[in-house]
Amino acid sequence: MEQPLPNEFLAQAEARLGRGRLATDEVTLATYGWDNTGLYFRPQGVFLAENRQDVVALLSLCHEFGIPVTPRGAGSGNVGGCLPVQGGIVLSTQRMNRILQVNPVDRWVKVEPGVVNGELQNHLRPHGLFWPPDPSSARTCTIGGNLAMCSAGPGAVRYGVTRDWVLGLTAVLADGRLLQTGGLTSKNVVGLDLTRLLIGSEGMLAVVVEATLRLAPLPAAKRLLRVLYGSVQNATYAVAALLNQGLAPDAVEFLDGAALDLLRKGKAITLNEAARALLLVEVSGRVEEVDDLARRCQEILERFDALEVLRAGDEAESARIWQARSALSPTLKKLAPRRINEDVVVPVSRLPELMDGLTEISQRWQMPMVNFGHAGNGNIHVNLLTSQTVEQVLPILQEVFQLVRKLDGSLSGEHGIGIQKRPFLSLEVDEVSLQLQRAIKDAFDPKGILNPDKVFPAS
Ligand SMILES: Cc1cc2nc3c(=O)[nH]c(=O)nc-3n(C[C@H](O)[C@H](O)[C@H](O)COP(=O)(O)OP(=O)(O)OC[C@H]3O[C@@H](n4cnc5c(N)ncnc54)[C@H](O)[C@@H]3O)c2cc1C
């Protein structure tokens, strides 16, 4: 049982945050200690901020008393980033969910951090605009979480990641000071780029309270191809060939045979029994060009012994196919609630070697794996179907990450490090870089109260 919050702190919280605003009842504490990892850490208090002044007040108070603060969006993260591992206060942004202003001419939108990604897209559609980062969790995850994890989704092949679609941020530092970064222009080379530094910093440097997001015009038309292959090798060679042709698809998604078996089992989809890999390839553009683009992609994809190519007839059919793809994570979670879900990334040309290596590791350790993901970026979700903990399967994960590093890849393409991947950081980040990163954390948060014990290995 951890120490209760000091009485003097609780008295000051009543006076400075408002009566009853800092929740300390067991039900609320239990609700805000989870995320998508299934791990639980009990906070000592939960604060639902309603505006930036609330965030300033909470951080100033916690800074004075040295109480840890863990920012939280929707809790959909996969690495324990929003879990209060040292106790302290969970700072939820769920009530800071206003879309403040859309500027269609300069193509930006100002939002609070608790806005849900999917709701922002719905709001922007009538303006003929969208915000390109499209994590598969878009219906629940918040912009604050997207910024902190530099999230992305299928569309990253063409549009890039969150970091590419932010003009400026307002954030609160650990001691309560307000920080402004960037501005309203698409070009800006004045001083160091603190906007980009904050994006992907996993809530360790500052709490974002407002973001100015860059927008893109919605494409007039889209076409989706679903291609089946008898082997993973053929599918991954097809991906490399497709991207080698300068065709710029929006999305190239991959599912391996084990993932297809899951979809068949869940009756999410009916598929040719011989299929051991599937690609979804989406292209977009002007109405008069999009069919030709789809046809040129199809020609390349068929060269690798495709078993079957389905071109979605209309938007409704495309939506049904995408839905089956989105059902995969929840289906997996049902089947193996404690599965270990990695999101490694390699250069696209090395995908065939990655898949070979994963098969070899899976067979040697007799560890069933389901692999799928954003193949157009070389980003594969490697799921170990086990009820063991990360610590118990450490040697297997070590081999997976060593394979990825040998192929010039990276430990995480989009989920981040959080607590889950801390033990492996040194496989990618060298000592000089780590020293600099720790110094940056100290400059932002000298008392170490913001999201402690995340990302960096324990020192
Ligand atoms: C079914 C499913 C599918 C997913 N698919 C994808 C995918 O395709 N691509 C992808 O990238 N991710 C995906 N994810 C992971 C997850 O949805 C993303 O990481 C998402 O951006 C997290 O948003 P959140 O609001 O849930 O943040 P949380 O999980 O609440 O928090 C994540 C991190 O953000 C920090 N944070 C939150 N708000 C702020 C703020 N205002 N200021 C500073 N720090 C803050 C937290 O401290 C924490 O470190 C998926 C998850 C699920 C469950």
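As a reminder, the structure under discussion sits directly above these lines.
Residues numbered from 1 in each chain as written. Predicted model: local features only at pLDDT ≥ 70, side-chain atom pairs only at ≥ 80, totals over all residues.

1. A short note on the overall build of the chain
- Looking only at helices and strands, the chain features 15 helices and 18 strands.
- Expected size for 459 residues packed as a compact globule is a radius of gyration near 23 Å; at 23 Å, the chain falls within 12% of this value.
- Overall, the C-alpha framework of the chain stretches about 70 × 55 × 45 Å when taken along its three principal axes.
- Taken over 459 residues, the chain has a buried fraction of 47%.
- Taking all contacts inside the chain whose residues are at least 6 apart in sequence as the whole, residues at least 24 apart take part in 72%. (Helix = DSSP H or I, 4+ residues; strand = E, 2+ residues; numbered from the N terminus. Rg over C-alpha atoms; globule rule 2.2 N^0.38 Å. Buried ≥ 20, exposed ≤ 12 C-beta atoms within 10 Å, placed from the backbone. Contact = placed C-beta atoms within 7 Å.)

2. So, the site of the ligand
- Neighbouring the ligand are 36 residues, the closest being G73, G77, G81, G145 and G203.
- For the shell around the ligand, the elements supplying multiple residues, two or more each, are β3 (69-72), α5 (143-149) and β10 (207-214).
- Of the residues belonging to the shell around the ligand, the class tally is 11 nonpolar, 21 polar and 4 charged.
- Three or more residues apiece are contributed to the shell around the ligand by two domains, here domain 1 (7-92) and domain 2 (99-217). (Near = placed C-beta within 6 Å. Nonpolar A, V, L, I, M, F, W, Y, C, P; charged D, E, K, R; others polar. Domains from an automatic or database assignment.)

3. Some thoughts on the packing of helix α9 (residues 257-265) against helix α12 (residues 328-335)
- Running from N to C, α9 and α12 cross one another at 85°; their axes reach a closest spacing of 10 Å. In terms of their interaxial angle, α9 and α12 are classed as roughly perpendicular. Contacts from A259, L262 and L263 in α9 reach L328, T331, L332 and L335 in α12.
- Split by residue class, the contact of α9 with α12 holds 6 nonpolar, 1 polar and no charged. (Axes fitted to C-alpha atoms, helices over the stretch in contact; angles between N-to-C directions. Parallel < 35°, antiparallel > 145°, perpendicular 65-115°, else oblique.)

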